[in-house]
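Here's the letter readout for the chains.
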Amino acid sequence: MVAPLEGIRVVEVANWLAAPSAAALMADLGADVVKVEHPGGDAWRTTLMRGQKADFDPETDVDAAFELDNRGKRGVALSLERPGASETVKRMVADADIFITNLTAPRIERYDLSRESLAGVNSGLIYVVLTGYGTRGPDQAKTAFDYSAFWSRSGIMSLIGEPGGPPMPCRPGQGDHATALNLLAGTLAALRLRDMTGEGQYVEVTLQRTGAWTIGSDVSAALITEQQPQRINRVQPGNPLFNSYETADGRWLMLVMPTGDRYWQPTCQALGREDLAADERYATLLGRSQHTSELTSEIGATLRSRPLAEWIPRLDAEALTWAPVAELPELIEDPQMEKMNAWSMIDGAEGRFRTLNTPFEIAGADIGPRGPAPKTGQHTHDVLRETGLSDDEIAALAESGALG
C-alpha cells in the first residue's frame, strides 16, 4: 500500500493543539514531519495529563494527549529568539513542501518567517498559518485558545446550556481538533493546486471561523434574521422526540427523530404507551409541539421506569433513531468503534499504548500512526545535518543558546 503523502516534507513551528494536530494527521498520511519547538518543550507537553493524574511522571508515563497531537514526527529543539535560529528554519524549509505555524503575526515578523520571506528560499512552498482570529484586522495580534476564539467568540458558547442558565464550557481540545481537520483539508487542496499551477500556496485557518462553521445552520439563519437562536430547552423541546431522557439507572439516552410523523407510532410501541398513540393531541408533529411539556413529561416518566439495558432492544426493535449517552469507558470498549478501526497501537519509550486512529479511512492506502511523538529535541542533530549544517555550524548554534 502507498501512503498518500509519501515524499512530502512538513516543517512545523507550532505548539499547543490545532496546528500540531493537523501536522500529526499529515504524518499519519505518510509525510515526513519535523516539529520545531522551544528547547523548554511545547507548552502542551504534560499539561492535560498533570491535571488528570496527580502522580503523572513524564519520564515513565505516557503523555497521551501530547502523543495524539504529535505522533509520527521528528523533533528539533530550537530557540527562535537566539541568533541563527530563524536562518536555520529557513534552511530546513528550503527543501520542504509545507510550512505550518501558529505564531501570531508580530512573532512571524520578528522571526522573519513570513510567507514572503520563506518564498524567497522556496517558491513552491505551501505556507499554512493557524491563528485565533486571522492575520488581518484589529485582532490579528491577539492570542487565543479554542476556549476563547472557537467556543466563546464564535457564538457557540452562547447557545449551549439550559435557557436562563450560564453558558457551558467545552472540553479540552474540542475546537482545536475540529480546526485541525480544516487545516488538513486546506493544505491538501493547496498541494493539489500547486500540482496544477506549479506555484506555492498560502492557507489560512482561524479558530473563530471554524467555530462559526460548526454552527453554520444557526449562523446562516442569523445572517438573515439578525436574531439570537433560542437555547434548547430539555423540559419544553420543540419536538419531544428530539430530546434527552433519563432512565431508571441514572443513565441517559438521546432520541433523535426530528421531522415527520412516521416515528410517532413506533415510538409509542417501543415505550409501551399505546395510550399516547391514541391521544389526538399528539397525532401530528404540530400537536406534539403545542403540547410539548405534557408529552415530554409522559415520555420522561416512562423511560425512567426501566434501566437503559432494557430500553435498548425495545427501541432498536422499532428501528428508531436514538443513542445512549455514552461514557468514555463505554466508548473505548464499543464494538462498533473496534470494528471501524477507531483505535491504533503505538510502541513508545514508555511502552505500548492504545490511541485514536486517523479519523478517516482511504481504501487501499497506508495511513495511520507511524510512531510515538518525539522527545523534546530528540532528532535535532540528525535533522540539522540532513538540512546541510556542518558540525561547526551546529556547534555555533549550541553556543548561542539556540539549541537550549
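A quick note: this is a predicted structure, and the numbers were derived from the prediction, not measured. (Residues numbered from 1 in each chain as written. Predicted model: local features only at pLDDT ≥ 70, side-chain atom pairs only at ≥ 80, totals over all residues. Heavy atoms only, no water.)

### What to know about the nonpolar core
Quick reminder of the rule: The definition of a nonpolar core used throughout is a set of buried Ala, Val, Leu, Ile, Met, Phe, Trp, Tyr and Cys residues joined through side-chain atoms within 4.5 Å. Exposure classes here rest on a 1.4 Å probe applied to the protein chains alone. A residue is buried below 20% of its type maximum, exposed above 50%, and partly exposed in between. We count a stretch as a helix when DSSP gives it H or I for four or more residues in a row; a strand needs E for two or more, and each element gets its number in order from the N terminus. Every residue pair with non-hydrogen atoms within 4.5 Å of one another is taken to be in contact.
Membership of the largest hydrophobic core comes to 28 residues, with the highest contact counts inside it found for Val11, Val13, Leu78, Leu80, Val89, Met92 and Phe99. Looking at this core, the elements that each hand over two or more residues are β1 (9-13), β2 (32-37), α4 (85-93), β5 (126-131), α19 (380-387) and α20 (391-400). Here this core gets four residues from one element, more than from any other, and that element is α4. Residue contacts for Val13: discarding those within four places in its chain leaves Val36, Leu80, Val89, Phe99, Ile100, Thr101, Asn102 and Leu103. Listed in part, the 26 residues of the second largest apolar core include Met26, Val128, Ala180 and Val205.

### Observations regarding α4
Most of α4 sits inside the fold, with seven of its nine residues counted as buried. Within the span of α4, buried status applies to Ala85, Ser86, Thr88, Val89, Lys90, Met92 and Val93.

### Description of the environment of Ile346
With respect to the helices, strands and loops of the structure, Ile346 is situated in strand β10 (residues 343-348). Each C-alpha atom of the pair Ile346 and Val219 lies 40 Å from the other, and the pair is 127 residues apart in sequence.

### What to know about the sheet that holds strand β8 (residues 252-256)
Our working rule: Here, any two strands with at least 2 DSSP bridges between them count as paired. Convention adopted: a line fitted to C-alpha atoms gives each axis, helices being fitted over their contacting stretch, and angles between N-to-C directions are expressed from 0 to 180 degrees.
The strand order across the open sheet built from three strands is β7-β8-β9, with neighbouring strands paired in antiparallel fashion. Two strands lie at the open edges of the sheet, namely β7 (242-246) and β9 (322-324), each paired on one side alone. Averaged over all pairs of adjacent strands, the angle between their axes in this sheet comes to 15°, without regard to strand direction. As defined by bridge partners, β8 adjoins β9 across three bridges and the pair is classed as antiparallel. Paired with Met254 across the bridge in β9 is Ala323.

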